[in-house]
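Letter by letter, the chains look like this.
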Amino acid sequence: MKVIAFNGSPRKEGNTSHAIRLVANELEKKNIEVEIIQVGNNEIYGCTGCGTCAQKLDDRCVNDKDEVNRWIEKIKEADGILLASPVYCASINGTFKSFLDRAFYVLSRKQGLLRFKVGATLVALRRSGGIGAFHELNNYLTLSGMIIPSSNYWNIIHGRTPGEVLQDEEGMQIMRNLGKNMAWLLQVLELGKDKVERPEIEPKISTHFIR
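Please read these numbers as outputs of a predicted model, since none were measured by experiment.

Quick notes on the rules
- Residues numbered from 1 in each chain as written.
- Predicted model: local features only at pLDDT ≥ 70, side-chain atom pairs only at ≥ 80, totals over all residues.
- Heavy atoms only, no water.
- Helix = DSSP H or I, 4+ residues; strand = E, 2+ residues; numbered from the N terminus.
- Expected span 1.5 Å × (residues − 1).
- Buried < 20%, exposed > 50% of the residue type's maximum accessible area, 1.4 Å probe, protein only.
- Contact = heavy atoms within 4.5 Å.
- Pairing = 2+ DSSP bridges.
- Right-handed = clockwise from strand over helix to strand, strands pointing away.
- Core = buried A, V, L, I, M, F, W, Y, C linked by side-chain atoms within 4.5 Å.

**Brief notes about helix α5 (residues 130-143)**
Turning to step 1, where the next piece is worked out: The end-to-end C-alpha separation of α5 is 20 Å, in line with the 20 Å expected for 14 residues at 1.5 Å each.
Turning to step 2, where the next piece is worked out: Listing the buried residues of α5 in full gives Gly130, Ala133, Phe134, Glu136, Leu137, Asn138, Tyr140 and Leu141.
Turning to step 3, where the next piece is worked out: The elements touched by buried residues of α5 are β3 (80-88), β4 (91-92), α4 (94-107), β5 (118-125) and β6 (156-158).
Turning to step 4, where the next piece is worked out: Phi for Gly145, located one or two positions after α5, is positive at around 75°.

**Description of the side chain of Ser85**
Turning to step 1, where the next piece is worked out: Position of Ser85 among the secondary structure elements: in strand β3.
Turning to step 2, where the next piece is worked out: For Ser85, the contacting residues outside a window of four places in its chain are Gly8, Thr16, Ile92, Asn93, Phe96, Leu122, Val123, Ala124 and Leu137.

**A look at the pairing of strand β2 (residues 33-38)**
Turning to step 1, where the next piece is worked out: Pairing of strand β1 (residues 2-7) with β2, which is carried by six bridges, proceeds in the parallel orientation. Note that in β2 the partner of Ile4 across the bridge is Glu35.
Turning to step 2, where the next piece is worked out: In this fold, β1 hands off to helix α1 (residues 15-29), which returns the chain to β2; that crossover is right-handed.

**Let's talk about the nonpolar core**
Turning to step 1, where the next piece is worked out: Of all hydrophobic cores here, the largest spans 33 residues; its most connected members are Phe6, Val39, Leu83, Phe96, Phe99, Leu100 and Phe104.
Turning to step 2, where the next piece is worked out: Contributing elements (two or more residues each) for this core: β1, α3 (68-77), β3, α4, β5 and α5.
Turning to step 3, where the next piece is worked out: Of the residues forming this core, the biggest block, seven residues, is contributed by α4.
Turning to step 4, where the next piece is worked out: Setting aside residues up to four positions removed in sequence, Phe6 forms contacts with Ile20, Ile37, Val39, Trp71, Ile75, Ile81, Leu82, Leu83, Ala84, Phe96 and Phe99.
Turning to step 5, where the next piece is worked out: Counting 26 residues, the second-largest nonpolar core is a separate cluster that includes Ala5, Val34, Ala120 and Ile157.

Take a look at the structure:
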């Protein structure tokens, strides 16, 4: 099994990276491969709302000038996804949001493409605004019908300068528990995939409030 972790920070060895590694350590203890992709230091274009991906249904964004389509393929192939971001002005990194908006819009065009994959999120920050950013990341997972493991608190870890999160004892425990719970859920789903029938996918109902 494999988990793809996307680091929304522009800092390769920043606090978000340290938080990802705490989760990844627990996954790797259960022989789950973890690949970490740093998104935040790339130039990523925002979604223009052109709707081409909804028309073609080819699992690709029409804009092929950056890494988004390559990362979409990695998401499709993975058993689990970890989204991790620093917190900027009570929200996630802008570059990361541009990637997530495009990737998950493409992936949600085909109903069930990410359904029942395991998805988890975490945020790293100095002080306040973490819960809003945490919920923001979770919206991408719930949109796609993914299964979300929890920890023993919201998945938030605190630190300002790189490495300072390793002084947040509670935050580190949250990350370890998240990794353990994510590994357990991946293993349970793997054991049960051929033994328990999955629910039927209902055709998507889309309601417009303005006629």
